[in-house]
Amino acid sequence: MAHDARDGRPFAIVDKRQALLSVYAADGRLIGRTAALLGLTPGDTEPASARGKAPSALQSHERVTPAGRFEAVPGRNLSGERVVWFNYDNNLAIHRLRPVSAAQRREERLASANAQDHRITLGCVVVDPAFFDEVVLPVLGQGPSLVYILPEVEPMVAAGGGKPHAAAP
């Protein structure tokens, strides 16, 4: 019997190279896809120096959205906002775009067709508020889910331990 990697849960796929978040129902149907803001620094592994630091204390090179398969759960951040935690211990979540320093131009970056413009966060996956409310919360915000973050630097390995496959540029 084949193992179902989703385990019957809804899931999301973050394609860092394209700066896209795709959200799927538990049965595998695509519910929605949108542009996303990602960690400032490209990479697939959170630097050890970032572990345990307050988000405001992270240096530029530590602001990475790590690749991997994450057990995600809905919750709230310290401000009481609803989020979907994919790495609670490291303060990483999918959440709505929120007001920050105008100098960061986050709304403009989110709308840009250039994926490199989408690199600005501390490591979280940030999406348009309407998409968060209309797709993320109803699908991923109701209980346990999975978040797959595709690697952007390391080669992808086929399921079943096959040979590594480099992701398309």
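Here goes a summary of the coordinates provided.

A word on the overall build of the chain
On a plain count of helices and strands, the chain comes out with two helices and twelve strands. Ordered by position in the sequence, the α and β elements of the chain form the string β-β-β-β-β-β-β-α-β-β-α-β-β-β. The buried share of the chain, taken over its 169 residues, is 45%. The contacts of the chain with a sequence gap of at least 6 include a subset with a gap of at least 24, amounting to 60%.

Some remarks on the pairing of strand β6 (residues 82–87)
When you tally the buried positions in β6, you get five out of six residues, the bulk of the element. Direction of pairing for strand β5 (residues 68–76) relative to β6: antiparallel, over a ladder of four bridges. In the strand pairing of β6, Arg76 is matched with Arg82. Between β5 and β6, which pair antiparallel one after the other, the connecting turn spans five residues, and Gly80 there sits at a positive phi close to 85°. Sheet topology note: the β6/strand β7 (residues 92–96) ladder contains three bridges and is antiparallel. Bridging from a neighbouring strand, Trp85 pairs with Ala93 of β7. Joining the antiparallel neighbours β6 and β7 is a turn of four residues, in which Asn91 adopts a positive phi near 60°.

Considering the packing of aromatic side chains
Under the defined criterion, the tally for this structure stands at four aromatic pairs. With 6.1 Å between their ring centres and 85° between their planes, Phe11 and Tyr148 make a pair best called edge-to-face. Taken together, the residues Phe11 in strand β1 (residues 11–15) and Tyr148 in strand β10 (residues 145–150) connect sequence positions 137 residues apart. By relative accessible area, Tyr148 is classed as buried at 18%. Judged by centre distance (5.4 Å) and plane angle (65°), the rings of Phe70 and Phe86 are edge-to-face. Residue Phe70 is found in strand β5, and its partner Phe86 is found in strand β6; the two are separated by 16 residues along the sequence. The residues Phe70 and Phe86 share a single accessibility class, namely buried.

Some points on the side chain of Glu152
Summarising the element assignment, Glu152 is placed in the loop between β10 and β11 (156–157). Residues in contact with Glu152, not counting those within four places in the same chain, are Lys16, Arg17, Pro42, Gly43, Asp44 and Arg119.

Observations regarding the sheet that holds β7
With mixed pairing, eight strands are arranged side by side in an open sheet as β3-β2-β1-β10-β5-β6-β7-β9. Bordering the open sheet on either side are β3 (30–35) and β9 (125–127), each of which pairs with just one other strand. Taken over all neighbouring pairs, the strand axes of this sheet differ in orientation by 20° on average, direction set aside. When β7 meets β9, the two strands line up parallel, connected through three bridges. Among the inter-strand pairings, Arg96 is bridged to a residue of β9, identified as Val127.

Cut-off values and rules
- Residues numbered from 1 in each chain as written.
- Predicted model: local features only at pLDDT ≥ 70, side-chain atom pairs only at ≥ 80, totals over all residues.
- Heavy atoms only, no water.
- Helix = DSSP H or I, 4+ residues; strand = E, 2+ residues; numbered from the N terminus.
- Buried < 20%, exposed > 50% of the residue type's maximum accessible area, 1.4 Å probe, protein only.
- Contact = heavy atoms within 4.5 Å.
- Pairing = 2+ DSSP bridges.
- Phe/Tyr/Trp six-rings, centres within 6.5 Å; stacked < 30°, edge-to-face > 60°.
- Axes fitted to C-alpha atoms, helices over the stretch in contact; angles between N-to-C directions.

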